[in-house]
Amino acid sequence: MGFEDRDYVRGGRQSYTGSLNSGGGYGGYSGSGFPPVVKWIIIANVIVFALQVFWRAEPAIVEEVVQELQREIQRNPGDIRVERELQQLERARRAGQTKVSVIQNWFELAPDKATEGLQVWRFLTYAFLHSSHDIWHLVFNMMGLFFFGPTLERMLGSREFGFFYTTAAIVSGIAFACFGLFMRDLSPAIGASGAVVGVLALFAYNFPTHTILIWFFPVQARFLVVIYVIYDLYPVLRQLGGNPANDHIAHIAHLGGLVFGLAYGKFHIRLSGLTQNWRGMRLPKRKPKGVKLYNPVDEPAPKPGPRDSKLDESVDAILDKIHREGEASLTDREREILKEASQRYKKP
């Protein structure tokens, strides 16, 4: 599952957007150096690619096929077709052509295994795998993330961007699996394309007129998204019309990531805030009969007081966290501290 029209990243340095800076109320990453989440996603993809290339083994089914062919020859001596098939298979084994990537077998997105087999991790792990026979599949996907990801991470904060990227990958994977089951096509998918297209879509939503070079031709980000819609929607419609797909590209996964990226920007979704709300949920406690519980709400609000050095230190630490990870990373307690500080610092 790759950027087969990957020429959009050929703009090189001029299409790098790390210098863009937009607050937009998101709470940005302001640390020095390259944003950490984009960096570690790229590193993880490279490491996994190396494992795909070097960690290979022959599946047990190959030996089963060899034995079945040998039994067929014993039952029908002189069957030239079966003998030739057995010889070809033996040559392929000696050349190592029957070995497959172990890690890819575990983590690729096979629709039947992910749904009927309940191997739900495949909806995310497939996005860290790439074709071991085509290094450009990895290179161009990571280039797309390198060009567009840093700006979004600085804008959203590292925590929120991490949630956005993984969710885009999962949404793309779900779209691919559902479409495959509907079309009765259980071919597996690998690649970060769906998530990277989601990154591109969110980038284009926030910076629609930013210019990107494609084969030395300037194209605005919003028009690049339109090109992707046309490029990916047409083969999907052809498949729905009964025409086989021959390009081995998961177009529906691209569309899934693209729709999620646009929806995320349009509806101002904040994923890290959802996880904080989940952690902050508490079951209601039953009030014992005849016992009056202390309720701080009944007490009068405290009057603004003098500065507290410990409170100052806490506020400084929270502000540093906002700079590193974005406002969405704050816990409920940290928000309460900021609220308390704002009350105390008010002039009487």
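Structure first, text after, so check above.
A brief structural summary.

## Details of unusual backbone geometry
Turning to step 1, where the next piece is worked out: At L118, a residue that is not glycine, the phi angle is positive and equals roughly 60°.
Turning to step 2, where the next piece is worked out: Residue placement: L118 occurs in the loop between α5 (111-115) and α6 (122-125).

## As for a nonpolar patch on the surface
Turning to step 1, where the next piece is worked out: On the surface, W40, I43, I47, L51, W55 and W106 cluster together to form a nonpolar patch covering roughly 600 Å² of accessible area.
Turning to step 2, where the next piece is worked out: For the nonpolar patch, the leading source of residues is helix α1 (residues 36-54), giving four residues.
Turning to step 3, where the next piece is worked out: Its place among the elements puts L51 in helix α1.

## Concerning the packing of aromatic side chains
Turning to step 1, where the next piece is worked out: Inspection of every chain in the model, using the stated rule, returns twelve aromatic pairs.
Turning to step 2, where the next piece is worked out: Taking 5.0 Å as the distance between ring centres and 55° as the angle between the ring planes, the aromatic pair formed by F148 and F203 counts as tilted. Of the two residues, F148 sits in helix α7 (residues 135-156) while F203 sits in helix α9 (residues 193-206), which places them 55 residues apart along the sequence. A single burial state applies to F148 and to F203, both of which are buried.
Turning to step 3, where the next piece is worked out: When the ring of F161 is compared with that of Y165, the centres are 6.5 Å apart and the planes differ by 35°; the resulting orientation is tilted. Of the two residues, F161 and Y165 are both situated in helix α8 (residues 158-183); the distance of four residues between them amounts to about one turn of the helix. Comparing F161 with Y165, the two get one shared label, buried.

## Things to note about the nonpolar core
As a rule of thumb, soluble globular proteins bury nonpolar side chains together.
Turning to step 1, where the next piece is worked out: By size, the foremost hydrophobic cluster in this structure holds 54 residues, and its most contacted members are L145, F161, Y165 and V199.
Turning to step 2, where the next piece is worked out: When contributions to this core are tallied by element, the ones reaching two or more residues are α1, α7, α8, α9, β3 (211-214), α10 (221-240) and α11 (251-266).
Turning to step 3, where the next piece is worked out: Ranked by residues supplied to this core, first place goes to α9 with nine residues.
Turning to step 4, where the next piece is worked out: The contact partners of L145, leaving out residues within four places of it in the chain, are V38, I41, I42, P150, F161, Y165, V196 and V199.

## Concerning α11
Turning to step 1, where the next piece is worked out: Helix length check: α11, at 16 residues, gives a terminal C-alpha distance of 22 Å against a target of 22 Å (1.5 Å per residue), a fit within 8%.
Turning to step 2, where the next piece is worked out: Taken across its 16 residues, α11 has twelve buried, putting it largely inside the fold.
Turning to step 3, where the next piece is worked out: Within α11 the residues assigned to the buried category are H251, I252, A253, H254, L255, G256, G257, L258, F260, G261, Y264 and G265.
Turning to step 4, where the next piece is worked out: Downstream of α11 by one or two residues, H268 has phi in the positive range, about 55°.

## Structural notes on the pattern of salt bridges
Turning to step 1, where the next piece is worked out: According to the stated counting rule, one finds seven salt bridges in the structure shown.
Turning to step 2, where the next piece is worked out: E63 is the salt-bridge partner of R93, the closest N and O atoms lying 3.0 Å from each other. With R93 in helix α3 (residues 80-94) and E63 in helix α2 (residues 60-75), this pair connects stretches of sequence that are 30 residues apart.
Turning to step 3, where the next piece is worked out: Residue R93 is classed as partly exposed on the basis of its relative accessible area, which comes to 24%.
Turning to step 4, where the next piece is worked out: Taking the relative accessible area as the measure of exposure, E63 reaches 31% and is therefore partly exposed.
Turning to step 5, where the next piece is worked out: The residue E68 makes a salt bridge to R71 at a minimum N-O spacing of 2.9 Å. Linking E68 with R71, this pair stays in helix α2, spanning three residues, or about one helical turn.
Turning to step 6, where the next piece is worked out: For R71, a relative accessible area of 37% translates into the label partly exposed.
Turning to step 7, where the next piece is worked out: Put simply, E68, R71, E72 and R75 are held in one network by salt bridges that share partners.

## Considerations on the pairing of strand β4 (residues 217-220)
Turning to step 1, where the next piece is worked out: One ladder, built from four bridges, connects β3 with β4; its direction is antiparallel. Its bridge partner being in β4, I214 is matched across the sheet by F217.

Cut-off values and rules
- All residue numbers refer to positions counted from 1 along the written sequence of the respective chain.
- It should be noted that, the model being predicted, local features are given only for residues of pLDDT at least 70 and side-chain atom pairs only at 80 or more, the latter also being counted only at that level, while totals for whole chains, interfaces and linings use all residues.
- Excluded from the side-chain calculations are hydrogens and water; all other atoms, namely the structure's heavy atoms, are used.
- Where helices and strands are cited, they refer to DSSP runs of H or I of at least four residues and of E of at least two residues respectively, numbered from the N terminus.
- Within this analysis, patches are made of residues with over 30% relative accessible area and no salt bridge. Like charges are joined at 9 Å or less; nonpolar side chains (Val, Leu, Ile, Met, Phe, Trp, Tyr) at 5 Å or less.
- Computed with a 1.4 Å probe, the accessible areas rest on the Shrake-Rupley method; for each residue, only the protein chains presented here act as cover.
- We count a salt bridge whenever a side-chain nitrogen from Lys or Arg sits within 4 Å of a carboxyl oxygen from Asp or Glu.
- Pairing of aromatic side chains requires ring centres within 6.5 Å, counting the rings of Phe and Tyr and the six-membered ring of Trp. Pairs whose planes differ by under 30 degrees are stacked, by over 60 edge-to-face, and all others tilted.
- Relative accessibility thresholds used throughout: buried, under 20% of the residue-type maximum; exposed, over 50%; partly exposed, between the two (1.4 Å probe, protein chains only).
- We call a set of buried residues a nonpolar core when its members are Ala, Val, Leu, Ile, Met, Phe, Trp, Tyr or Cys and they connect through side-chain atoms within 4.5 Å of each other.
- Contacts between residues were defined by any pair of non-hydrogen atoms, one from each residue, lying within 4.5 Å.
- One less than the residue count of a helix, multiplied by 1.5 Å, gives the span that helix is expected to have.
- A pair of strands is labelled paired if DSSP reports no fewer than 2 bridges between them.

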